[in-house]
Structure formats: structure tokens, C-alpha cells
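# Inside the fold
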Amino acid sequence: MFLVSTVVIVLMLMVSVKCVELKEKQDQYVVRQEELKQQIADEEARAEELEELKKYVQTDSYVEEIAEEKLGLVHNGEIIFKTTK
């Protein structure tokens, strides 16, 4: 009877230890899942920003802006004042 009781107690301890280990793993997976959900949300927001940028790049105002900044072009009748040092 003592031997059977000892075996049962040892089995219960083993099951308890495994249960705690599985609970810890589950907690880790929940944390990882939340991190991944946040990453997905961030990437979706970034994709929306890129889509808006793509639309803006195809507009005439973007072309004018780049022409003024990079090439120094101006509209007809515009006067550019430059300061000298």
C-alpha cells in the first residue's frame, strides 16, 4: 500500500511540474502573440502611409515640389532672391 501511495504521489508531482511548465509556455506564447499583433498593426499603418505616399507622388504638386527643390526651377513670373555672404 505504501509503495502504491508513493508512486501515486510521485506521478502527481510530475504532472504538477509539467502543468506549471505548460502554463509558463502558454504565458510566453500569449506575450509573443500580443507582440506580433502589434507588429501587424504597425505594418498595416505603414502600408497605408506608403499607399498615400504613392498617390501623392503621382500628383502634379509633387512634381512641382521636386522640380523646385532639386532642379531649382520656378514658375513663369516668379522672382528668386538669393542672399550672399
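A short tour of the structure in this document, coming up. The written sequence of each chain sets the order in which its residues are numbered from 1. Reporting of local features is limited, given that this is a predicted model, to residues whose pLDDT is at least 70; pairs of side-chain atoms are given and counted only at 80 or more, and all residues count toward the totals for whole chains, interfaces and linings. Side-chain numbers here rest on the full set of heavy atoms in the structure, without hydrogens or water.

### Brief notes about a nonpolar patch on the surface
Counted only if it meets this: Patches here: salt-bridge-free residues with over 30% relative accessible area, like charges joined within 9 Å, nonpolar side chains (Val, Leu, Ile, Met, Phe, Trp, Tyr) joined within 5 Å. The method behind every accessible area is Shrake-Rupley, applied with a 1.4 Å probe, and residues are considered shielded solely by the protein chains displayed. One side-chain nitrogen of Lys or Arg within 4 Å of one carboxyl oxygen of Asp or Glu is enough to make a salt bridge. Runs of E in the DSSP output that reach at least two residues are strands. Runs of H or I that reach at least four are helices, and both are numbered from the N terminus. The classification of residues rests on relative accessible area computed with a 1.4 Å probe and restricted to protein chains. Under 20% of the type maximum is buried, over 50% is exposed, and intermediate values are partly exposed.
Among the surface-exposed residues, Leu3, Val7, Val10, Leu11 and Met14 lie close enough to one another that they form a single nonpolar patch of about 480 Å² accessible area. By the secondary structure assignment, Leu3 is in helix H1 (residues 2–57). Given a relative accessible area of 63%, Leu3 falls into the exposed group.

### Regarding a negative patch on the surface
For the record, the criterion: This count recognises Lys and Arg as positive and Asp and Glu as negative, with His and chain-terminal groups excluded. A charge is said to be at NZ when it belongs to Lys, at CZ for Arg, at CG for Asp and at CD for Glu.
A contiguous patch of negative charge on the surface is contributed by Asp60, Glu64, Glu65, Glu68, Glu69 and Glu78. Mapped onto the elements, Asp60 comes out in helix H2 (residues 60–71).

### Observations regarding the packing of aromatic side chains
As a reminder, the rule being used: In this analysis, rings of Phe, Tyr and Trp, with Trp reduced to its six-membered ring, are considered paired at centre separations within 6.5 Å, and the interplanar angle assigns stacked below 30 degrees, edge-to-face beyond 60, and tilted for intermediate values.
Counted under the stated rule, the structure contains one aromatic pair. Pairing Tyr56 with Tyr62 gives two aromatic rings, centres 5.4 Å apart and planes at 70°, and the pair type is edge-to-face. Given a relative accessible area of 34%, Tyr56 falls into the partly exposed group. Residue Tyr62 is classed as partly exposed on the basis of its relative accessible area of 25%.

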